[in-house]
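Structural overview
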Amino acid sequence: MTTQQQGGSASGTSRAICGEEHYPPALLAVAANGLPGAGRPFPSAPLGTTEWNGMLAGALSHRMTGFLQKVIDEELLVVTPPQARAANQAHRTSMLRALALESELLDVAALLAAAGIEILVLKGSAVANLDYSDPVLRPFTDLDIAVRPDAIDSAVATLMGAGFRRTLAEPRTGFDRRFDKGVTLRHPTGYGLDLHRTFVLGPWGVLVDIEGLWDGGEEFVVGGRPLRALSRHNRFVHACYHAALGDWPLRLLSLRDVAQMAVALEPDAAALRAIAARWGIDAVVASAVSDAWRLLGLEQDTDLSSWARRYAPTRREVAQLALHTHPDKTFTAQALSTLRTIPRWRDKAAYARALVLPDAAYTQGRHASPLARFRFAIGEARRGRAR
């Protein structure tokens, strides 16, 4: 989207523009490496100590250690011997974590399969194995899987029986399978597992065709064992969600995922746009694609990137994007906006009651009492409207 398109809305909300100042310049060149039309130059000499430290820290936080190692190996980025060793160590550490997580993924898949629970692997290992020529280019630091809404309760019980613990209690019985993005669990060894019902909290999560996610799918193999991911088209849509509505500032690996898939799926551009239109998420897809092309400095347009750049979101879409693409985004603002998009009044009432007057387990250690929680919710709602 252009700067003008990302401006104000009827409510006064604006979508913050993530500019290049958030990233070390050389890291943007690293992130774009190998994509058609990548035009960002690499520095002609090794970076100074301060710049290099910023570059390496950025590569770690944006999960670009695989691409950093690649451009060093290809002598596109000139580095000193100590810098080369530091980059290699960072990449090695990232890969060891990814391998350990893949082993855990196999255990989780087997555990849930034994309980009769079907899963789809999201992001991480699925994208690394299916959408990149070499999986080592695409590290990940946790596990994400999807289960059908009516299987969430049994999946949580099964995982907790195996030692996982919820990071946050369910507000009220049934909230997980009816309304929430999903459940975050923590393994005794410390890694996180996100058990998804939909892609994201907020109105954009309500628009996801949850049943449609289970149509088709694509198989990949880890450790000789087959696992199932989203279909190629649905992986792209999920990548757009994650890039446009995930981290702030926008994570470079998420933008790379979008560009990587968009280039590969260019012959299917019309089908991708049809999915976006059917779900009502044109603004999410256009935002992710245009930001990927802009920040990665891609000078070769495709049908999809041309459409994304021209797309003019409505004021409501701008306001809903701003719930996620803003430095001071809050759970409360996203939750309130979700309430407005839930179609049935009965469900709206159940959703509001769960958040404003949740069960005691949800408030324990966070609020002094249900009344204190109610007062907090009212205060946050007022502050959210003021923002």
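Residues numbered from 1 in each chain as written. Predicted model: local features only at pLDDT ≥ 70, side-chain atom pairs only at ≥ 80, totals over all residues. Heavy atoms only, no water.

Considerations on the pattern of salt bridges
The final tally for this structure, using the stated rule, is 17 salt bridges. Ionic pairing is found between Asp257 and Arg138, a salt bridge with its closest N-O pair at 2.6 Å. Taken together, the residues span a long stretch of sequence, with Asp257 in helix α10 (residues 252-264) and Arg138 in the loop between α5 (124-131) and β2 (143-146) at a distance of 119 residues. With respect to burial, Asp257 and Arg138 carry one shared label: buried. Across the salt bridge formed by Arg166 and Asp176, the nearest N and O atoms sit 2.8 Å from each other. Taken as a pair, Arg166 in strand β3 (residues 165-166) and Asp176 in helix α7 (residues 175-178) lie far apart in primary sequence, 10 residues in all. According to the relative accessible area criterion, Arg166 is partly exposed, its value standing at 22%. By relative accessible area, Asp176 is classed as buried at 2%. Because the salt bridges share partners, they merge into one network encompassing Glu118, Arg148, Glu211 and Arg228. (Salt bridge = Lys/Arg side-chain N within 4 Å of Asp/Glu carboxyl O. Helix = DSSP H or I, 4+ residues; strand = E, 2+ residues; numbered from the N terminus. Buried < 20%, exposed > 50% of the residue type's maximum accessible area, 1.4 Å probe, protein only.)

Section: empty space enclosed by the protein
By rolling a water-sized probe across the atoms, one finds the places where empty space is left. Under the definition given, this model contains 3 cavities of 30 Å³ or more. Volume-wise, the largest cavity comes out at about 80 Å³. Lining the largest cavity are Leu122, Lys123, Val127, Arg138, Arg235, His238, Ala239, His242, Ala243, Ser254, Asp257 and Met261. Secondary-structure elements contributing two or more residues to the lining of the largest cavity are α9 (232-245) and α10. For the lining of the largest cavity, the leading source of residues is α9, giving 5 residues. Considering only residue class, the lining of the largest cavity consists of 5 nonpolar, 3 polar and 4 charged. (1 Å grid on protein atoms, 1.4 Å probe; cavity = no way out; pocket = protein on both sides within 12 Å on 5 of 7 lines; lining within 4 Å. Points joined across faces, edges and corners; volume = space filled by probe spheres on them. Nonpolar A, V, L, I, M, F, W, Y, C, P; charged D, E, K, R; others polar.)

Here's the deal with the nonpolar core
Counting residues in each nonpolar core, the largest one holds 76 residues, and the members touching the most others are Leu68, Phe236 and Tyr241. Top element by residues in this core is helix α12 (residues 282-296). It accounts for 10 residues. Not counting the four nearest positions on each side in its chain, Tyr241 is found in contact with Phe199, Val200, Trp204, Gly205, Leu207, Val208, Gly246, Trp279, Ile281 and Val284. (Core = buried A, V, L, I, M, F, W, Y, C linked by side-chain atoms within 4.5 Å. Contact = heavy atoms within 4.5 Å.)

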